[in-house]
Amino acid sequence: MCLRLRPADGGPLGAEAYAGVLALLGGITPAVQALPPDAALADVRGALRYFGCDAARLAAVIRVRALALYGVDAAVGVAANPMLARAAARGTRAGETRVIPDEPAAVRDFLADKPVILLDGVGPKAARTLCSYGLDTVGRLAAAPPAALRRILGARLGREVHERALGIDRTPVQPGAAARSIAAERAFDRDELDPVRHRRALLSLTQELGARLRTQEEGRGQVCRALSLTVRCADRTTLTRTRKLAEPTAHSAALTEAAYALYAGLGLQRARVRALSLRAEELTPAERAAHQLSLDPEDEKARRLEAVTDRVRARFGPRAIGRGTLAA
């Protein structure tokens, strides 16, 4: 079973709500795998036997509890393996459940017209290669001779891709805690059109996230490997973009640069923005991360100043010192 989570109010999914839904799933089955920022896998075969119900009914119970407790609705995909469950959830609207019967014909019909990039292991490069041979759908890929796929993609990948085109996925659900993340949000008093104010809010968010990262886990500090920006517009639509960082970091300047790039990539052009949120994802302890030494004296100066600022805030409070551009 795969759940794709959506807050009922149309806003971004908060870290607390996400953790709450994961805990809810953990009370039903111990085999829960987080798929940040807004999805989760659960192996519910044991739970179905324990509760004496089918997967659709169990999914309905989970959706009702998530909505009642955390204000989060879910699109649920149910299938025999993680790949099919994710594909079913991806094409399902929030509040609905899609069940793929564990029958070869049903699986074949479900996958037939899906693009090949849907399959695990098929990235953009492999998808372009397959499409150049006319293998642009999963159905055509499944009908292709396995030997031809091994020649096109290589022996191992060709074999794996052919199996997945037939709906075979040997990957188990991997129980464990969510890949850690922290998030912050800025809501505007009124729908904001000014890009300067948008960027100022982003600067405030990256300053907050950077400070929180550097003081996580009893002062040992953490770094993030990815940054996700969510823009909530006046018409209740949300836009989300995620970027892998060049290196794991908690440096506010690096986070700001990435956030500005994500914002620019959306091409909002005078959009009426109601709120902006940033999520620092794939957190790891800072002591395990490598940092590329810089020959830029300004970068080293900024990092030293950042360390001093953190010590001042730790002693006198988070508002003791800040950037002049953020002063009200």
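Residues numbered from 1 in each chain as written. Predicted model: local features only at pLDDT ≥ 70, side-chain atom pairs only at ≥ 80, totals over all residues. Heavy atoms only, no water.

S.K.: Break down the side chain of T29 for me, with residues and values.
M.R.: Relative to the assigned elements, T29 resides in the loop between α1 (15-26) and β2 (32-35). Within the structure, the side chain of T29 is placed 3.2 Å from the backbone nitrogen of A31, a separation counted as a polar contact. In this structure the side chain of T29 is engaged in a polar contact, spanning 2.8 Å, whose partner is the backbone oxygen of D43. Once you skip the residues sitting within four places of it in the chain, T29 turns out to touch A42, D43 and V44. (Helix = DSSP H or I, 4+ residues; strand = E, 2+ residues; numbered from the N terminus. Polar contact = N/O pair within 3.5 Å; in protein donor to acceptor, adjacent residues only side chain to side chain. Contact = heavy atoms within 4.5 Å.)

S.K.: Mind laying out the pattern of salt bridges, listing which residues take part and the relevant values?
M.R.: Applying the stated criterion across every chain, the model contains 18 salt bridges. Among the salt bridges present, the one from E208 reaches R186, with a minimum N-O distance of 2.6 Å. Within this pair, whereas E208 is found in helix α10 (residues 195-214), its partner R186 is found in strand β6 (residues 182-192), the two being separated by 22 residues in sequence. Using a relative accessible area of 24% as the deciding quantity, one classes R186 as partly exposed. Three or more residues joined by partner-sharing salt bridges are found here, namely R4, R6 and D38. (Salt bridge = Lys/Arg side-chain N within 4 Å of Asp/Glu carboxyl O. Buried < 20%, exposed > 50% of the residue type's maximum accessible area, 1.4 Å probe, protein only.)

S.K.: Outline helix α8 (residues 146-153), supporting the account with residue identities and numerical values.
M.R.: Those residues of α8 lying buried are A148, L149 and L153. When α8 is viewed along its axis, its buried side chains cluster within an angular range of 110° and face the same direction. Packing partners of the buried residues in α8 comprise α6 (124-132), α7 (138-143) and α9 (155-165). Within two residues after α8, G154 carries a phi angle of roughly 100°, on the positive side. (Arc of directions from axis to C-beta.)

S.K.: Can you explain the sheet that holds strand β5 (residues 97-99)? Please cite residues and give values.
M.R.: An order of β2-β3-β1-β4-β5 is seen for the five strands of this open sheet, with the pairing classed as mixed. For this open sheet the edge positions go to β2 and β5, each flanked by a neighbour on one side alone. Put simply, the sheet's adjacent strands are angled 20° from each other on average, direction ignored. Pairing between strand β1 (residues 2-7) and strand β3 (residues 39-42): three bridges, direction antiparallel. What sits directly across from R4, in β3, is A39. (Pairing = 2+ DSSP bridges. Axes fitted to C-alpha atoms, helices over the stretch in contact; angles between N-to-C directions.)

S.K.: A description of the nonpolar core should follow, citing residues and the corresponding values.
M.R.: Most often, soluble globular proteins keep nonpolar side chains buried together rather than apart. Judged by nonpolar contacts, the single largest core of 30 residues is most densely connected at L84, F110, L111, L119, V122, L130 and L141. For this core, the secondary structure elements donating two or more residues are α4 (82-90), α5 (104-111), α6, α7, α8 and α9. When residues of this core are assigned to their parent elements, the largest contribution, six residues, is made by α4. Excluding anything up to four places from it in sequence, L119 contacts M83, V138, L141, V161, R164 and A165. The next biggest cluster of nonpolar side chains, apart from the first, holds 29 residues, and it includes F188, A250, A271 and A280. (Core = buried A, V, L, I, M, F, W, Y, C linked by side-chain atoms within 4.5 Å.)

S.K.: Talk me through the packing of α10 against helix α11 (residues 252-266); I want residue IDs and the actual numbers.
M.R.: α11 packs onto α10 with a crossing angle of 140° between their chain directions and a minimal axis gap of 9 Å. Compared by their axis directions, α10 and α11 come out oblique. In the packing of α10 onto α11, the handedness of the crossing is right-handed. Taking contact as the criterion, the partners of P195, H198, R199, L202, L203, T206, Q207, L209, G210, A211, L213 and R214 in α10 are, on α11, S252, L255, T256, A259, Y260 and Y263. For the contact of α10 with α11, the residue count by class is 10 nonpolar, six polar and two charged. (Parallel < 35°, antiparallel > 145°, perpendicular 65-115°, else oblique. Left-handed = near helix turned anticlockwise from the far one by under 90°. Nonpolar A, V, L, I, M, F, W, Y, C, P; charged D, E, K, R; others polar.)

S.K.: Can you explain the environment of H198? Please cite residues and give values.
M.R.: With respect to the secondary-structure elements, H198 resides in helix α10. Given the relative accessible area of 1%, H198 is considered buried. Leaving out residues up to four positions away in the same chain, H198 has contacts with F188, E192, L193, Y263, A271, V273 and L276.

S.K.: Before we move on, could you go through the pairing of strand β7 (residues 222-233) and cite the residues and values that matter?
M.R.: The buried count for β7 comes to 11 of 12 residues, which makes it a mostly enclosed element. As defined by bridge partners, β7 adjoins strand β10 (residues 284-285) across two bridges and the pair is classed as antiparallel. Across the sheet, the residue bridging to Q222 is P285, located in β10. Pairing of β7 with strand β8 (residues 238-249), which is carried by eight bridges, proceeds in the antiparallel orientation. Directly across from C224, in β8, lies its bridge partner T249. Where β7 hands over to β8, the hairpin turn is made up of four residues, of which R236 adopts a positive phi near 75°. Two strands pair when backbone bridges link them, and β7 and strand β9 (residues 273-281) are joined in this way by eight bridges, in the antiparallel orientation. Following the sheet pairing, L229 is matched in β9 by L278.

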